[in-house]
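Chain by chain, the residues:
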Amino acid sequence: MSGHGWRRLIVATLLSAGLVPAALAQPAGATLITNALIVDGRGTPGRRGDVRIVGDRIAAVGQLAPAAGERVIDAHGLALAPGFIDTHSHHDRGLFTARDAIAMVSQGVTTIVVGQDGGGSNLAALFTRLDSQPVAVNVASYAGHGAVRSRVLGQDFKRHSTADEIEKMKQLVKAEMDAGALGLSSGLEYDPGIYSAPEEVRALAKVAGDAGGRYISHIRSEDRYFWAALDEIITIGRENRMPVQVSHLKLGMRDLWGKGDTLIGVLNRARAEGVQLTADIYPYTYWQSNLGVLYPKRNFADSAETRFVLEHVSAANEIIFNSFRGHPEYTGKTLAQVATLRGTSNERTLMDLLAEPGGSGSGIVAKGMDDADVEKLMQWPFAGICSDGQSTGLHPRGFGSFSKVLGPYVRDRKLFPLEEAVRKMSGLAAANMGFANRGLLAPSYFADLVLFEPATVADRATFDAPQARAVGIRTVWVNGTVVFDSGAPTGRYAGRALRREKKG
Ligand SMILES: [Zn+2]
């Protein structure tokens, strides 16, 4: 028996005889965080207190005395919150070669949810790999509608599916659910999802719902056909009686700007009817996607459509190229700048670029939203925070989303209290993803924690420096292990594969 083992045995014996106070019974590996401002993820006011971590769990919360041999960390009044849960993340790209997950942990994120926008596939392999080769954060995933559609329809995807094909897709969704998917995700503005009939999507979502899972969607249109697209996901929630979440909620074209109240009215009416409808949102007015997504009918050579895009959806000086095949010199330039370089009009340039090989797949960031709408939608009580980000790329959201909310939006603009922001990043996010024992700072919950300084926390990532790290995040624990401290990763890969918790 080890020294610790003897000590535990002696303490247990004395304890049962009533000879030592319970505090001394803590195992030697325990950590006590003292003098913290505890923000528990429920939205209740922060309070001074201490938190004990034993193994991978939170063991106690309150006014706690250090036990002999216990590691004590003085929080000096900093805020201690449940680790943030990014419910719409693309940070799985490159994660196995950058297991520190710095984009995530440096802003306090301890769990990412991937398989987004219809993309998640082969989850059994992903989870098995995470089991043997863990990373610094927990990873959960959805099964992707687009992925199963591709497997069944192949290159012949520009059409509705047959009843037979839907049956095949259902089997694939079922297999992913059995592997631990949280539910089904769709990306209905993208190929191949955009060609699906609503009935196909509803039938596949039902497979996820019947298995106790959820449906989340990058809805069919975030601009021209927005209201119909919203209705589609609400209908799935109503008819399948399953939780549904609008991914990266936005009013994505000029004609929709200022309609935040109308949108919240629609969302609230659906909830009042019993639809389990939620959303996530990132704190930026620019989105990141590909050039083709600007044309829902993929009619890239249509000049009237092109004019419509530039006048109503995103302006030429607000579309920035992230990558363009064959034109590395366009990286970081706006469409208007590229048009000047080429000596053609904005409209002509856009159509010419789309006609080039791979043109529609070019990565862009583009302004689609209005600040006031983003702020209003973020305040909807059922909207959690997400990044929609990745660790590389031109968009700062991959490194900045959570800290941007805590700093500029909460502290500077006072959009909502700190406690509400933390709830949106943890307790609400966990509920919206179906995590039963993460997302709250409470006994028996997993010890995913973030210690941060409310007075200084802020994002630093910009379009010029998209990988600049946030400031003000002091220490991050994942499953009881410190993965980030004082500005640096610790090299501990304490994250786990989070398979859907099956209802017994
Ligand atoms: Zn998306």
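Please read all numbers here as calculations on a predicted model, not as lab measurements. (Residues numbered from 1 in each chain as written. Predicted model: local features only at pLDDT ≥ 70, side-chain atom pairs only at ≥ 80, totals over all residues. Heavy atoms only, no water.)

**Student:** What should I look at first to understand the overall build of the protein in this one?
**Tutor:** Across its full length, the protein holds 15 helices and 21 strands. Computed over its C-alpha atoms, the radius of gyration of the protein comes to 24 Å, within 12% of the 23 Å expected for a compact globule of 504 residues. Over its C-alpha atoms, taken along the principal directions, the protein stretches across nearly 85 × 50 × 45 Å. With 504 residues in all, the protein has 58% of them scored as buried. In the structure as shown, the protein presents an accessible area of about 19300 Å², 52% of it carried by carbon and sulfur atoms. Placing the 56 positive and 52 negative side-chain charges of the protein at their respective mean positions leaves the two points 5 Å apart. (Helix = DSSP H or I, 4+ residues; strand = E, 2+ residues; numbered from the N terminus. Rg over C-alpha atoms; globule rule 2.2 N^0.38 Å. Buried < 20%, exposed > 50% of the residue type's maximum accessible area, 1.4 Å probe, protein only. Areas by Shrake-Rupley, 256 points an atom, 1.4 Å probe, with all protein chains shown as cover. Lys, Arg positive; Asp, Glu negative; His and termini not counted. Charge placed at Lys NZ, Arg CZ, Asp CG, Glu CD.)

**Student:** Sorry if this is basic, but what is going on with the coordination of the zinc ion here?
**Tutor:** Six octahedral donors around a metal ideally subtend angles of 90 or 180 degrees, whereas four tetrahedral donors ideally subtend 109.5 degrees. Each protein donor to the zinc ion is listed here as D117 (OD), H218 (ND1) and H248 (NE2); together their distances run 2.0 to 2.4 Å. The sequence pattern formed by the donor residues of the zinc ion is D-x100-H-x29-H. Taken together, the positions of H218 in strand β11 (residues 214–218) and H248 in the loop between β12 (244–246) and α8 (260–272) put the pair 30 residues apart, joining distant regions of the chain. Judged by its relative accessible area of 4%, H218 is buried. Looking at H248, the relative accessible area reads 1%, which means it is buried. (Donors = N, O, S within 2.8 Å, 3.2 Å for Na, K, Ca; no water.)

**Student:** Would you explain the sheet that holds strand β17 (residues 383–385) in this entry?
**Tutor:** Strands pair in a sheet through their backbones, by hydrogen bonds, and they do so in one of two ways: parallel or antiparallel. Read from one edge of the open sheet, 6 strands run β9-β10-β11-β12-β13-β17, paired in parallel fashion. Single-partner strands in this sheet number two, and they are β9 (143–144) and β17. Taken together, the 3 bridges between β12 and strand β13 (residues 277–281) define a ladder with parallel strand orientation. Opposite V244, over in β13, you have L277 as the bridge partner. (Pairing = 2+ DSSP bridges.)

**Student:** How should I be thinking about the pairing of strand β20 (residues 481–485) in this particular structure?
**Tutor:** Look at any regular strand and the pattern is simple: side chains alternate between the two faces of the sheet. Judged by how many residues are buried, β20 sits mostly within the fold: 4 of 5 residues are covered. Where strand β19 (residues 473–478) and β20 come together, 4 bridges link them in antiparallel fashion. Residue pairing across strands places T475 opposite D485, the latter belonging to β20. As consecutive antiparallel partners, β19 and β20 are separated by 2 residues, and within that stretch N479 has a phi angle of approximately 50 degrees, a positive value. The pairing of β20 with strand β21 (residues 488–489) spans 2 bridges and is classified as antiparallel. When the sheet's bridge partners are listed, F484 is paired in β21 with P489. Count of turn residues in the β20/β21 antiparallel hairpin: 2 residues, of which S486 carries a positive phi of about 50 degrees.

**Student:** So what exactly am I meant to see when it comes to the layout of surface pockets here?
**Tutor:** Using a probe with the size of a water molecule, rolled over the atoms, empty space left in the structure can be pinpointed. Here the largest pocket defines a volume of roughly 690 Å³. Elements with a contribution of two residues or more to the lining of the largest pocket: α3 (123–132), α4 (145–153) and β14 (286–290). When the residues that make up the lining of the largest pocket are grouped by side-chain class, the tally is 10 nonpolar, 21 polar and 10 charged. What the second largest pocket holds in volume is close to 180 Å³. For the lining of the second largest pocket, a count of residues per class yields 5 nonpolar, 4 polar and 4 charged. (1 Å grid on protein atoms, 1.4 Å probe; cavity = no way out; pocket = protein on both sides within 12 Å on 5 of 7 lines; lining within 4 Å. Points joined across faces, edges and corners; volume = space filled by probe spheres on them. Nonpolar A, V, L, I, M, F, W, Y, C, P; charged D, E, K, R; others polar.)

**Student:** How do you make sense of helix α10 (residues 335–342) when you look at a structure like this?
**Tutor:** The α-helix advances 3.6 residues per turn, and as a result positions three or four apart in sequence lie on the same side. Residues of α10 that are buried include every one of L335, V338 and A339, and no others. Along α10, the residues classed as buried sweep out an arc of 105 degrees about the axis, all on the same side. Opposite the packed face of α10, turned more than 90 degrees from it, sit the exposed residues T340 and L341. Looking at the packing, one finds that the buried side of α10 touches α9 (303–313), β15 (319–323) and α11 (346–355). In the stretch just after α10, G343 is the one whose phi turns positive, near 70 degrees. (Arc of directions from axis to C-beta. Contact = heavy atoms within 4.5 Å.)

**Student:** What is the right way to read helix α6 (residues 198–210) from this model?
**Tutor:** In a regular helix each residue adds 1.5 Å, so 13 residues correspond to 18 Å; α6 covers 18 Å between its end C-alpha atoms and thus fits that length. All of the buried residues in α6 are E200, V201, L204, A205, V207 and A208. Viewed along the axis of α6, the buried residues span an arc of 145 degrees, placing them on a single side of the element. Here the buried face of α6 lies against α4, α5 (163–179), β10 (183–187), β11 and α7 (226–240). G212, located one to two residues past α6, shows a positive phi value of around 90 degrees. (Expected span 1.5 Å × (residues − 1).)

**Student:** Explanation requested: the nonpolar core in the structure shown.
**Tutor:** Looking at soluble globular proteins, one finds that nonpolar side chains tend to be buried together. Among the nonpolar cores identified, the biggest contains 119 residues, and F84, Y215, L291, L294, F321, M378 and F452 are the most heavily contacted of them. With sequence-adjacent residues up to four places away left out, F321 is seen in contact with L291, Y330, T331, G332, K333, T334, L335, V338, L353, G363, I364 and L394. I33, L78, A442 and Y445 belong to the second-largest nonpolar core, a separate cluster that totals 19 residues. (Core = buried A, V, L, I, M, F, W, Y, C linked by side-chain atoms within 4.5 Å.)

**Student:** Just checking my understanding: could you explain the packing of α9 against α11 for this structure?
**Tutor:** Between two packed helices, both the angle of their axes relative to each other and the distance between the axes serve to describe the pair. Contact geometry of α9 with α11 gives a least axis separation of 10 Å together with a crossing angle of 115 degrees. The angle between the axes of α9 and α11 places the two elements in the roughly perpendicular class. The two elements α9 and α11 meet at a crossing, and its hand is right-handed. Along the contact surface, α9 presents S303, T306, R307, V309 and L310, while α11 presents N346, E347, L350 and M351. Classifying every residue of the contact of α9 with α11 by side-chain character gives 4 nonpolar, 3 polar and 2 charged. (Axes fitted to C-alpha atoms, helices over the stretch in contact; angles between N-to-C directions. Parallel < 35°, antiparallel > 145°, perpendicular 65-115°, else oblique. Left-handed = near helix turned anticlockwise from the far one by under 90°.)

**Student:** Help me out: how do you make sense of the confidence of the model for the protein in this one?
**Tutor:** The predicted structure's coordinates, where accompanied by low pLDDT, should not be read in detail. Within the protein, residue pLDDT values average 94, and 94% of them lie at 70 or more. Of all helices and strands in the protein, the one with the weakest mean pLDDT is helix α1 (residues 3–16) (46), whereas strand β6 (residues 84–86) scores best (99). Contacts of residues 1–27 to residues separated by more than four positions or lying in other chains number 26 contacts, the stretch itself having pLDDT below 50. (pLDDT = per-residue confidence, 0-100.)

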